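Listed here are the chains, written in short residue letters.
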Amino acid sequence: MLHTMKIVSAAAVVVVAGSAGAQVWPNVDGAMKHVHITFDGTNVGVEIDFMINPEPTPLPMMNHGLSHTAPADVLDGKYVSSQYGFLADGFINLPQGSAIWIEMTSATAGLDIYEGGMRNMRPMHTYAPIFGTGGSSSAWKWNGMMHHPWVAAPSLGAFDATFNVYLGDETTGAPLSGFGMDSVTLDWNAIPAPGSAVVLVMGGIACARRRR
Ligand SMILES: [Cu+2]
């Protein structure tokens, strides 16, 4: 009896490993760049970290030409970055019935943003459209955890998005009076992926050789 159970569990492990090998999740390029959120009891604050990660902005977005596993396939064909991540800077104690909301107030046309999460837990992310993408609400309720959204651009070039971060009703997101809000602009540069640059260089060498 015990022996049979062991065989069954070994088979289950093989199945899980096989399906995991077939999955394609989007690349996580570059080091995490945190967007620190604070609340001192009265004012919400938001600031891009340049102390822990001094990498200058705009941050790169790249298209690796991957066919991602659903629901991450919303990123197919796009220049993608998940480097920016919202993160609590210190302990945050919220008033009863409130939540910290992040609302996108403006962005470069064509920029899409999808729900992510902890950066190394890509299979757990919903990839649901947020911040106005695909007709979603421009305001998104932050759960207080580290959250790296997936940001996607349709073409090469410069992209940015500006957000208000404020204390709102935990259900409706309506701003609560008597509390200060803050805003932050995140920016990106959609650039060719390193792999595609290598292909171009190799192509150039092949052309040079042919000419001789
Ligand atoms: Cu992070």
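Here, every reference points to the structure presented above.
Residues numbered from 1 in each chain as written. Predicted model: local features only at pLDDT ≥ 70, side-chain atom pairs only at ≥ 80, totals over all residues. Heavy atoms only, no water.

Draft legend 1. Representation of the coordination of the copper ion within the structure. Met32 (SD), His34 (NE2), Met146 (SD) and His148 (NE2) make up the full set of protein donors to the copper ion, lying at 2.0 to 2.4 Å. Geometry at the copper ion is tetrahedral, judged from the four donor atoms that bind it and their angles of 91 to 124° at the metal. Along the chain, the residues donating to the copper ion fall in the pattern M-x1-H-x111-M-x1-H. His148 gets classed as buried once you look at its relative accessible area, which sits at 1%. (Donors = N, O, S within 2.8 Å, 3.2 Å for Na, K, Ca; no water. Tetrahedral: all angles 85-135°; square planar, octahedral: opposite > 155°, others 65-115°. Buried < 20%, exposed > 50% of the residue type's maximum accessible area, 1.4 Å probe, protein only.)

Draft legend 2. Broad picture of the side chain of Thr69. Relative to the elements of secondary structure, Thr69 occurs in the loop between β3 (59-61) and β4 (79-81). Every residue in contact with Thr69, bar those within four places of it in the chain, is listed here: Ala22, Gln23, Val24 and Trp25. (Helix = DSSP H or I, 4+ residues; strand = E, 2+ residues; numbered from the N terminus. Contact = heavy atoms within 4.5 Å.)

Draft legend 3. Focus on the pairing of strand β1 (residues 33-39). The buried fraction of β1 amounts to six of the seven residues, a majority that puts the element mostly inside the structure. Where β1 meets strand β5 (residues 84-88), five bridges bridge the pair, whose relative direction is parallel. Bridge pairing links Val35 to Phe86 in β5. Pairing of β1 with strand β2 (residues 44-48), which is carried by five bridges, proceeds in the antiparallel orientation. What sits directly across from Phe39, in β2, is Val44. Hairpin connection, β1 to β2: the antiparallel pair is bridged by four residues, and Gly41 has positive phi, about 105°. (Pairing = 2+ DSSP bridges.)

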